[in-house]
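# Observations on chain architecture
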Amino acid sequence: MLVTTRLLVNGRIYSSFAPDATSIAITDGTVVWVGDERAGRALHPAAEIEDLGGAFVTPGFVDTHVHITALGLNLVGLDLVGAPSLDECLSRVRTFAAANPETAHPDAVIWGHGWDDTEWADQTPPSTADLDAAAPGRKVYLSRIDVHSAACSSALRDGISGLADTAGYSADGPLTFDAHHLARNAARNLLTESQRASARTAALDLCASRGIVAVHECGGPDISGLTDFQELLAHDHGVEVRGYWGERVDTEEDARALLDKTGADGLGGDLFIDGSLGSHTAWLLEPYADQPDSTGNAYLDVDAIAAHIRACTLAGVQAGFHAIGDGAVSSAAAAFRKVADELGGPKVAALGHRLEHAEMMSMADAETFAALGVIASVQPVFDALWGGTDGLYATRLGVDRAAALNPFAPAAGKGVSLAFSSDAPVTPIEPWAMLRAAVQHRTDGSGISPRAAFSAATRGAWRAGGVRDGAAGTLNPGAPASYVLWAAGELEVSAPADSVQRWSTDPRSRVPALPRLAEDAPIPVCIKSVHRGRVVYQRGSTSE
């Protein structure tokens, strides 16, 4: 068997093994050496040489919470993200409907995503009447930015049996809770196989072009449906997909059967304990500031959460939950403690169970998660979009409660392992902007160091997917050759805040430099993405 070695030279290599490295050698998809170019050429005289031209080389990013087909539908279809007003939102619907006439696909659904009424002057969401006027007679499904409510046309609503008797129903306004799940399922069933295939290809191509080499798809019966989930897992693409299925089980036998049925890697992701703050469906311990008669929605109680954790632990499979409000997060913590009391903490901790979002995590709950090895898969751009004293969080909760959301540094200081993600299409696929948001947190003391943020999007993200070999997510010898070339400016080493010093190694000790993550710093541009030795993206290629 022919063994080939490729020597990358004249670069800037992000590796704790050799922080000043300019060269890296790769043999058959594995990093075998990192260091100075002259030594590399001497050690590997027969290697194929690739001149990096000063490019910055990092491990590939991993996004631990995505919805690939939904993201792709935005890329190839109706994108409402950033619409500055209701009028503009409806204008986009009219334009899309005209460009995609009903005669071409009589049963087709107009699927759109991303409107955010909290950014509009009058904060009035699209109504059913609005959609009927914008696209007469058409089936229209428009999910809110958080995907926990949706505006739907009469033509779509009329085909859903029992909708008016379902929790979360509104005669003319957006549907929430169970009513939204019914509507999303109905709209999803109108998508064709070719629509889904082109959407997921577009989404995975985008991920590769942003330096992401692996993603964790968070599917489920109320999100993507089993057909789409299994199609995605079978989809041929260089970006690796790990699948999480959000459906609850009660017994070990149920867990094993569901894994066999779905092909999932884990039973978690968007297994909803609650909804979202934007849609007033996150489960709170105290009422919403702007809706004082409501504490949101609870989909699962402590006993139901515990049953799922117990079943998955006994089956040896990773479990997880979607939990945003403090009511949901505290219930998850109580359930983990309950199962740990029954089965033993080490047995629970060994699986690396997960909590998605965990936006309102108290430090008492953080101590529970740290002790029981529960990983927090979090989204830094949530804070960038909705944090601060005048953002969505402050509107929904009041300024004081809002300031405690997304406590990255305090949670890490308690020992909680963090993994970063986009929750795309909720926030964009842009990992460097994600790291910037984690570092430049809107609440003093909640931001983490650049190195800690980078770790949460690489090594920490691989660990969140059950890969704990100490090599994945690095460019150290023995690691898989999953790396990205970047056009980047000046690099720097930033010292972490004292509060996260335990989690991020002292920058004076073998710490490689990173691009500046200040607000005014340019975002690095991806030149090439490689996963396990396979090129998955090349800037300027004909497929771009």
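As a reminder, the structure under discussion sits directly above these lines.
Residues numbered from 1 in each chain as written. Predicted model: local features only at pLDDT ≥ 70, side-chain atom pairs only at ≥ 80, totals over all residues. Heavy atoms only, no water.

### With respect to the packing of aromatic side chains
One pass over the structure, following the stated rule, counts 17 aromatic pairs. Aromatic side chains Tyr 14 and Phe 56 sit 6.5 Å apart centroid to centroid with 85 degrees between the ring planes, which places their arrangement in the edge-to-face category. Remark: Phe 56 occurs in strand 6 (residues 56-59) and Tyr 14 occurs in the loop between strand 2 (12-13) and strand 3 (23-27); sequence separation between them is 42 residues. On the accessibility criterion, Phe 56 (1% relative accessible area) is buried. Of note, Arg 354 hangs over the ring of Tyr 244, and the distance from its end group to the ring centre comes to 4.5 Å. (Phe/Tyr/Trp six-rings, centres within 6.5 Å; stacked < 30°, edge-to-face > 60°. Helix = DSSP H or I, 4+ residues; strand = E, 2+ residues; numbered from the N terminus. Buried < 20%, exposed > 50% of the residue type's maximum accessible area, 1.4 Å probe, protein only. Lys NZ or Arg CZ within 6 Å of the ring centre and 35° of its normal.)

### What about helix 18 (residues 431-439)?
Structural remark: α-helix, 3.6 residues per turn; residues separated by three or four positions point the same way. Among the nine residues of helix 18, seven are classified as buried, and the element is accordingly described as predominantly covered. Listed in full, the buried residues belonging to helix 18 are Pro 431, Trp 432, Met 434, Leu 435, Arg 436, Ala 437 and Ala 438.

### What to know about the sheet that holds strand 11 (residues 149-152)
Pairing within the open sheet is mixed, and its five strands lie in the order 8-9-10-11-12. Two strands in the sheet have a free side with no partner beyond their single neighbour: strand 8 (78-79) and strand 12 (175-176). Sheet topology places strand 8 next to strand 9 (residues 109-115); two bridges connect them, and they run parallel. Opposite Asp 79, over in strand 9, you have His 113 as the bridge partner. (Pairing = 2+ DSSP bridges.)

### A few points about empty space enclosed by the protein
Under the definition given, this model contains seven cavities of 30 Å³ or more. Approximately 200 Å³ is the volume found for the largest cavity. For the largest cavity, the lining is made up of 23 residues, of which Asp 146, Val 147, His 148, Ile 223 and Phe 272 are closest to its centre. Within the residue set of the lining of the largest cavity, elements represented by two or more residues are strand 9 and helix 6 (177-188). No other element matches the four residues that helix 6 contributes to the lining of the largest cavity. Here the lining of the largest cavity is built from residues that sort into nine nonpolar, nine polar and five charged. Each pocket or cavity is described by its volume, and for the second largest cavity that value is around 130 Å³. As for the second largest cavity, its lining consists of 16 residues, of which Asp 146, Ser 276, Ile 324, Glu 359 and Trp 386 are closest to the centre. Elements supplying a minimum of two residues to the lining of the second largest cavity: helix 14 (380-386) and helix 15 (392-397). (1 Å grid on protein atoms, 1.4 Å probe; cavity = no way out; pocket = protein on both sides within 12 Å on 5 of 7 lines; lining within 4 Å. Points joined across faces, edges and corners; volume = space filled by probe spheres on them. Nonpolar A, V, L, I, M, F, W, Y, C, P; charged D, E, K, R; others polar.)

Worth remembering: the numbers are spatial, not functional.
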